[in-house]
Amino acid sequence: MAEQQHKSQKSPNAARRSQASRRAILTAAFDLAGEIGYAKLSIEAIAARAGVGKQTIYRWWPSKGAVLFDAFLMLTTGDPGEGESAGGAAAGSPGDPGGPAEVPAAALPDTGDIEADLKTVLRATVAEMADPRYDLPMRALTSEVMNDPELAAAYVERLHKPVENLKLRRLRAAQEAGQIAADVDLAAAVDAIWSPLLSRWLLRTGPLDADYADRVVETAMRGLRPRGGSADI
């Protein structure tokens, strides 16, 4: 009994150390991807920057791509997460609290004006895409997702689907308010609104700024509004 109580007293400190190590690793991976590029990024470099051993990283993640993915989730949620990490590597020991960091159940802006709200969201999106600190790490993660089926599955489940659901929820509310035609396929509408930004960012085919974001929204809304006139706002 005394031994069990002693372990119980130690576990909170161990959990805090575990979380601090994960945060240091994820921060190091993100920073290094931006500083030296993904091609030169290595588990050894991440471990050295974070002040941990390589085996600590491999205990939680199977690859540098998986580490970088969880780094992006930490930036999104503020939580370094515990439990199962990207790529399926078990994090921590049995009984550790928590699970993998995921996108929080937030909501897109809803002022009652779907066009204005979409412009707000897309302007924020292009600002992030144009930020030099995010550009190289995001390109690296995109490349890894394209080439690693296991990482791609984690990306879809833990980042793409939750964000997609937020977009669909906002468009559905606009549809119910009569601002989007009742027969519009909302999943296709999400692609029509957000895909142009991703394409321009990936291929560097033109300026990615607030003006472009506004034009994308205005063009999409011309096709999404109910036929026969504008909806009441």
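Residues numbered from 1 in each chain as written. Predicted model: local features only at pLDDT ≥ 70, side-chain atom pairs only at ≥ 80, totals over all residues. Heavy atoms only, no water.

A. Summary view of the environment of Y212. Mapped onto the fold, Y212 is located in helix 9 (residues 210-224). As a C-alpha pair, Y212 and P196 span 16 residues in sequence and 9.6 Å in three-dimensional space. Residues contacting Y212, with those up to four places away along its chain left out, are P196, L197, R200 and P207. (Helix = DSSP H or I, 4+ residues; strand = E, 2+ residues; numbered from the N terminus. Contact = heavy atoms within 4.5 Å.)

B. Layout of the pattern of salt bridges. Counted by the stated rule, this structure contains 14 salt bridges. Between K54 and E44 there is a salt bridge, and its shortest N-O distance comes to 3.5 Å. With K54 in helix 3 (residues 54-60) and E44 in helix 2 (residues 43-50), the pair connects residues that are 10 residues apart, well separated along the chain. In this structure, the salt-bridge partner of R123 is D214, at a minimum N-O distance of 2.8 Å. Highlighted residues: R123 in helix 5 (residues 114-130) and D214 in helix 9, separated in sequence by 91 residues. (Salt bridge = Lys/Arg side-chain N within 4 Å of Asp/Glu carboxyl O.)

C. Here's a closer look at the side chain of R139. Tracing the backbone through its elements, the reader meets R139 in helix 6 (residues 132-147). Overall, R139 belongs to the buried group, its relative accessible area being 17%. Among the polar contacts listed, one links the side chain of R139 to the backbone oxygen of W201, at a separation of 2.5 Å. Those residues within four positions of R139 in sequence are excluded, and the remaining contacts are W201, L202 and R204. (Buried < 20%, exposed > 50% of the residue type's maximum accessible area, 1.4 Å probe, protein only. Polar contact = N/O pair within 3.5 Å; in protein donor to acceptor, adjacent residues only side chain to side chain.)

D. Focus on unusual backbone geometry. Positive phi outside glycine occurs at R204, with the angle close to 55°. Looking at the secondary structure, you find R204 in the loop between helix 8 (186-203) and helix 9. For R204, a relative accessible area of 57% gives the class exposed.

E. Spotlight on the packing of aromatic side chains. Scanning the model with the defined rule gives four aromatic pairs in all. The interplanar angle of 80° and the centroid separation of 5.7 Å between the aromatic rings of W60 and W61 together place this pair among those described as edge-to-face. Take W60: its relative accessible area is 2%, and that puts it in the buried class. Of the residues examined, W61 reaches a relative accessible area of 0% and is grouped as buried. Cluster of aromatic residues (ring-pair linked, three or more members): F30, F72 and Y134. Stacked on the ring of W60, the Lys or Arg R22 has its end atom at 5.2 Å from the ring centre. Over the ring of W201 we find R139, and its NZ or CZ is 4.4 Å from the ring centre. (Phe/Tyr/Trp six-rings, centres within 6.5 Å; stacked < 30°, edge-to-face > 60°. Lys NZ or Arg CZ within 6 Å of the ring centre and 35° of its normal.)

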